[in-house]
2 protein chains.
Amino acid sequence: MVRIYGDCLSGNCYKLKLVTELLGTPHAWKFVTWTDGGTRTDDFVSRVNPAGKVPVLETPKGEMIPESGAALYYLARDSHLWPTRESDRAQVLRWMFFEQYSHEPNLAVSHSLKTAANPATETDTKLAELKPAGEGALQTMEQHLSTNDWFVAGAPTIADISLYPYTYKAPVAGFDLSDYPHVVAWLGRVERLLGFISMEDAIAQTTPAK
Amino acid sequence: MVRIYGDCLSGNCYKLKLVTELLGTPHAWKFVTWTDGGTRTDDFVSRVNPAGKVPVLETPKGEMIPESGAALYYLARDSHLWPTRESDRAQVLRWMFFEQYSHEPNLAVSHSLKTAANPATETDTKLAELKPAGEGALQTMEQHLSTNDWFVAGAPTIADISLYPYTYKAPVAGFDLSDYPHVVAWLGRVERLLGFISMEDAIAQTTPAK
């Protein structure tokens, strides 16, 4: 059985929970979060991830796989969420790299700035800096989804799973999704997939009671 | 035959040239660069990549694959640079996502700021902001390479190809590699691979004479 280290308050961790629910993958969830120092303990850094980050997937043989995109690949590699044609597989990776390079650094960081308990004085300046690139990422998605129901090969893949969390959270991050109607329709398609779990339910299921 | 759109002045494009040389992959190189507006022409945006970025790999069937990591996967998928064990494949992707998320945005952007023809007034501030995360990425590599000759499975893979260009250029970007001896030794191992082409030679081979 695989084990997942992380907290679903992070969209990058929630992606892994979402794919395990869509695939019915047996797994153990080990709650580890940055906010209470859990990702920086001696045990975590020496045994799980020297970089002190979540999520990390532990394989049944005890091998540790950091980086959400790598973990999504490992979880989905034998499923319908990883296509069979090689050029489709490359397109799935294309959208997953797009997400980590052009989407997440703008939308997730904006979300984190917007929801910070103690906003810093430079928050508004940083949000303004991230805005154009975030809008650009949403525009790239909107254009692709205007002629495609899903990102690759006309069916859901881990590309869609990867792009879902921080697009769903975009309004909280200060982005108005009414400018992106095809993106909104695609969010709905993801949410109607059999086995879909919302971020809120994922948080409730994986966060220990205080 | 595959076609590659890009210019080897960009480390992300050079990665593709490097892997085709290591594998002996027949390919046509179509020189397209950002600096003269080539990535923003109507033809490029409508036919090759709506996002207006290079590199892009065109498959023999005419399908376009943006994002260097996705193109590297497509080029290397049947070669010794893409391992056979699934957990090793996940580790290759882990380092490729690390490169695009934690390494390239700090080292490549610093390189670009350091080599800009007309430095902006805020350049020094931006370089100082990028410095800790760039050092952190090099430290993560140094730690891994202190007990490993290559990033995954004891042999060269597209993870090494992905991390090579902007690590090789780190000194120009303002990072002192003498603090990272295992990284320096690994750069040498990459450079001794059969078929290796330097960034300088790749630029000379792919840039049309004026």
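Scroll up for the structure.
We now turn to the structure provided with this report. (Residues numbered from 1 in each chain as written. Chains lettered and ligands numbered in written order. Predicted model: local features only at pLDDT ≥ 70, side-chain atom pairs only at ≥ 80, totals over all residues. Heavy atoms only, no water.)

### Description of the pairing of strand β2 (residues 27-31) of chain A
All names here are of chain A. Pairing analysis gives 5 bridges linking strand β1 (residues 2-6) to β2, with the strands arranged parallel. Bridged to R3 within β2 is A28. Tracing the backbone out of β1, into helix α1 (residues 11-23) and back to the parallel element β2 gives a crossover that is right-handed. (Pairing = 2+ DSSP bridges. Helix = DSSP H or I, 4+ residues; strand = E, 2+ residues; numbered from the N terminus. Right-handed = clockwise from strand over helix to strand, strands pointing away.)

### Here we look at the sheet that holds strand β3 (residues 56-58) of chain B
All names here are of chain B. The strand order across the open sheet built from 4 strands is β2-β1-β3-β4, with neighbouring strands paired in mixed fashion. The outermost strands of the open sheet, each flanked by one partner alone, are β2 (27-31) and β4 (64-66). Strand after strand, the sheet turns through a mean of 20° between neighbouring axes, direction not considered. For β3 and β4, the ladder comprises 3 bridges, and the chain directions are antiparallel. Residue pairing for β4: L57 is matched across the bridge by I65. (Axes fitted to C-alpha atoms, helices over the stretch in contact; angles between N-to-C directions.)

### Details of the packing of helix α5 (residues 123-145) of chain A against helix α7 (residues 181-191) of chain A
Residue and element names in this part refer to chain A. Relative orientation of the contacting elements α5 and α7 amounts to 75°, with a least axis distance of 8 Å. The pairing of α5 with α7 is recorded here as roughly perpendicular in orientation. Across the interface between the two elements, L138, M141, E142 and L145 from α5 touch P181, H182, V183 and W186 from α7. A class-by-class count of the residues in the contact of α5 with α7 yields 6 nonpolar, 1 polar and 1 charged. (Parallel < 35°, antiparallel > 145°, perpendicular 65-115°, else oblique. Contact = heavy atoms within 4.5 Å. Nonpolar A, V, L, I, M, F, W, Y, C, P; charged D, E, K, R; others polar.)

### Comments concerning the interface of chain B and chain A
Interfaces are often sized by the amount of accessible area the parts lose when they come together. Tallying the contact residues gives 31 residues for chain B and 31 residues for chain A. For the pairing of chain B and chain A, the buried interface totals around 2900 Å² over both sides, and the portion due to carbon and sulfur atoms is 60%. The three residues of chain B that bury the most area against chain A are B:Y73, B:F97 and B:Y101, which together make up 24% of that side's buried surface. Along the contact surface separating chain B from chain A lie 2 salt bridges. For the salt bridge of A:E63 with B:R85, the shortest nitrogen-to-oxygen distance reads 3.8 Å. Where chain B touches chain A, the interface holds 12 residue pairs in polar contact (both at pLDDT 80 or more). If you list the elements that add at least two residues to the side of chain B that touches chain A, you get β4, α3 (68-76) and α4 (86-114) of chain B. Here the side of chain B that touches chain A gets 16 residues from one element, more than from any other, and that element is α4(B). Counted by class, the side of chain B that touches chain A contains 15 nonpolar, 6 polar and 10 charged residues. (Buried area = accessible area lost by both parts, 1.4 Å probe. Salt bridge = Lys/Arg side-chain N within 4 Å of Asp/Glu carboxyl O. Polar contact = N/O pair within 3.5 Å; in protein donor to acceptor, adjacent residues only side chain to side chain.)

### Brief notes about unusual backbone geometry
Cis geometry marks the peptide bond from A:V54 to A:P55; its omega dihedral reads 5°. Secondary-structure assignment places A:P55 in the loop between α2 (42-48) and β3 (56-58). Here B:A153, not a glycine, exhibits a phi torsion of approximately 60°, which is positive. Note on placement: B:A153 falls in the loop between α5 (123-145) and α6 (158-168). Given a relative accessible area of 54%, B:A153 falls into the exposed group. (Buried < 20%, exposed > 50% of the residue type's maximum accessible area, 1.4 Å probe, protein only.)

### Thoughts on helix α1 (residues 11-23) of chain B
All names here are of chain B. Here α1 contains 13 residues, and its C-alpha end-to-end distance of 18 Å stays within 8% of the 18 Å for a straight helix at 1.5 Å per residue. With 11 of its 13 residues buried, α1 lies for the most part within the structure. For α1, the full list of buried residues reads G11, N12, C13, Y14, K15, L16, K17, L18, V19, T20 and L22. Close packing links the buried residues of α1 with β1 (2-6), β2, α3, α4, α6 and α8 (199-206). Taking the backbone nitrogen of N12 as reference, a side-chain oxygen 3.2 Å away marks S10 as the first, capping residue of α1. (Expected span 1.5 Å × (residues − 1).)

### Side note on the packing of aromatic side chains
Residues and elements named next belong to chain A. Evaluated as defined, the whole model comprises 19 aromatic pairs over all chains. On the numbers, 5.3 Å between centres and 85° between planes, the contact of F151 with W186 is edge-to-face. Here F151, found in the loop between α5 and α6 (158-168), pairs with W186, found in helix α7; they are 35 residues apart in sequence, far enough to count as distant. Residue W186 is classed as buried on the basis of its relative accessible area of 0%. For the ring pair Y164 and F196, a centre distance of 5.5 Å and an interplane angle of 85° mean the geometry is edge-to-face. With Y164 in helix α6 and F196 in the loop between α7 and α8 (199-206), the pair connects residues that are 32 residues apart, well separated along the chain. One aromatic cluster in this structure is built from Y14, Y164, Y168 and F196. Positioned over the ring face of F175 is K131, at 4.5 Å from the centre of the ring. (Phe/Tyr/Trp six-rings, centres within 6.5 Å; stacked < 30°, edge-to-face > 60°. Lys NZ or Arg CZ within 6 Å of the ring centre and 35° of its normal.)

Take it as geometry only, folks, not as evidence of what the structure does.
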